[in-house]
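# Reading the structure
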Amino acid sequence: MGSANTLTNGHGMHPLFSFGVISDVQYADIPDGHSFLGVPRFYRHSMLVLQRAVQSWNNHKKLNFAINFGDIVDGHCPKDQSLHAVKKLVGEFDKFNGPVYHMIGNHCLYNLPRDKLLPLLKIPNLGGSGLAYYEFSPTPDYRFVVLDGYDISAIGWPDDHPNTLEALRFLREKNPNSDKNSPDGLKGLDRRFLMFNGGVSKEQMEWLDGVLQDATKMKQKVIVCCHLPLDPGASSKEALLWNYDQVMDVIHRYNCVKVCIAGHDHEGGHSIDSHGIYHRVLEAALECPPGTDAYG
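Residues numbered from 1 in each chain as written. Predicted model: local features only at pLDDT ≥ 70, side-chain atom pairs only at ≥ 80, totals over all residues. Heavy atoms only, no water.

Moving on, we get to the overall build of the protein chain. The number of helices and strands found in the protein chain is 7 helices and 12 strands. Taking 2.2 N^0.38 as the reference for a compact globule, 296 residues should give roughly 19 Å; the C-alpha atoms of the protein chain span a radius of gyration of 18 Å, in line with that estimate. Across its three principal axes, the protein chain shows a C-alpha extent of roughly 55 × 45 × 35 Å. Across the 296 residues in the protein chain, those meeting the buried criterion constitute 55%. Surface exposure of the protein chain reaches about 13100 Å², of which carbon and sulfur atoms provide 52%. Looking at the protein chain, you have 28 positive and 34 negative side-chain charges, and the mean spots of the two groups are 4 Å apart. (Helix = DSSP H or I, 4+ residues; strand = E, 2+ residues; numbered from the N terminus. Rg over C-alpha atoms; globule rule 2.2 N^0.38 Å. Buried < 20%, exposed > 50% of the residue type's maximum accessible area, 1.4 Å probe, protein only. Areas by Shrake-Rupley, 256 points an atom, 1.4 Å probe, with all protein chains shown as cover. Lys, Arg positive; Asp, Glu negative; His and termini not counted. Charge placed at Lys NZ, Arg CZ, Asp CG, Glu CD.)

Taking 1.5 Å of rise per residue, the 12 residues of helix α2 (residues 82-93) would be expected to cover 16 Å, and the 17 Å separating its terminal C-alpha atoms lies within 8% of that figure. All buried positions along α2 are accounted for by Ser82, Ala85, Val86, Leu89, Val90, Glu92 and Phe93. Across the axial projection of α2, the buried residues extend over an arc of 155°, all falling on one side. On its buried face, α2 is in contact with β2 (15-22), α1 (45-60), β5 (65-68), β6 (100-102), α3 (106-111) and α4 (114-120). (Expected span 1.5 Å × (residues − 1). Arc of directions from axis to C-beta. Contact = heavy atoms within 4.5 Å.)

The biggest cluster of nonpolar side chains holds 82 residues, and the ones touching the most others in it are Ile22, Trp57 and Ile251. The greatest single-element share of this core, amounting to 6 residues, is contributed by α1. Residues contacting Ile22, with those up to four places away along its chain left out, are Val49, Leu50, Ala53, Trp57, Ile67, Asn68, Phe69, Phe93, Leu282, Ala285, Ala294 and Tyr295. Core analysis: the next-biggest nonpolar cluster, separate from the first, contains 6 residues, Ile152, Ala154, Leu171 and Trp242 among them. (Core = buried A, V, L, I, M, F, W, Y, C linked by side-chain atoms within 4.5 Å.)

Before going further, it helps to spend a moment on unusual backbone geometry. The phi dihedral of Gln26 falls on the positive side, at around 45°, and the residue is not glycine. Mapped onto the fold, Gln26 is located in the loop between β2 and β3 (33-34). A relative accessible area of 0% places Gln26 in the buried class.

The terminal C-alpha atoms of helix α6 (residues 202-217), which comprises 16 residues, lie 23 Å apart, in line with the 22 Å expected from a rise of 1.5 Å per residue. Looking only at α6, the buried set comprises Gln204, Met205, Leu208, Asp209, Val211, Leu212 and Ala215. All buried residues of α6 fall inside an arc of 165° around its axis, so they share one side. The outward face of α6, more than 90 degrees from its buried face, is lined by the exposed residues Lys202, Glu203 and Lys217. Buried residues along α6 sit in contact with β7 (134-139), β8 (142-146), β9 (221-226), α7 (244-251) and β10 (257-262).

Scope: geometric values only; no functional claims are made or implied.
This is the structure we're talking about:
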């Protein structure tokens, strides 16, 4: 990836707005390593990728905002450095000359609980509930919806939180392995039922339905953003949101959603679903060898 995303007006001449994107920086001040699949990971270099992204966005001079698609720091970040590392990365994002919208990913939640993370990332905390879904409109004609893909999750909430308990029950039912991050023996799309993924609650889906109803009334086009991918055609099966199908059922009731953008699956991907919605999964900054980049 190397150019900014732009949405053009009806004449294809000038963009209505332009924005920067980056995902899975997963910085840690540790030596390079590998994923569980053996893919090289460049923990310190990812900070340089972010710095070049911000410099590129600022040089562009016409970007209205930027979006970070989650996993700002890596799970291997030493826990006594987590708070400092997140603050350091947020400081790099803050050098962008415009607003930055963040979302949470699994690696964020390995490092810090939601009550610490959300204020650092300036994520609106709906009713003080610790939920990280929200919306914003860069122009009257467009609305962005940021989903919280770890609303129902075994990570990030206190051990006795109802959302943790619901997630653990769900994983026991769907994944018979003692290691709930292992897809061994799981077939097809069931390979998504892993602890490093999560789900969207009934309440969040009701909120999404209301937002899409409102956008339809206002004749707005909608772009849905989530750390976890929402379409099997754009992602590996192991990276999907647990209940992506239910979320897409809500989205498919309306004609207003045009694009869904995600991170999490580090190789990236692209698809057009049965309703003509474009799905784009962004490549990971973490897996850029020195001298290469992944941002847009």
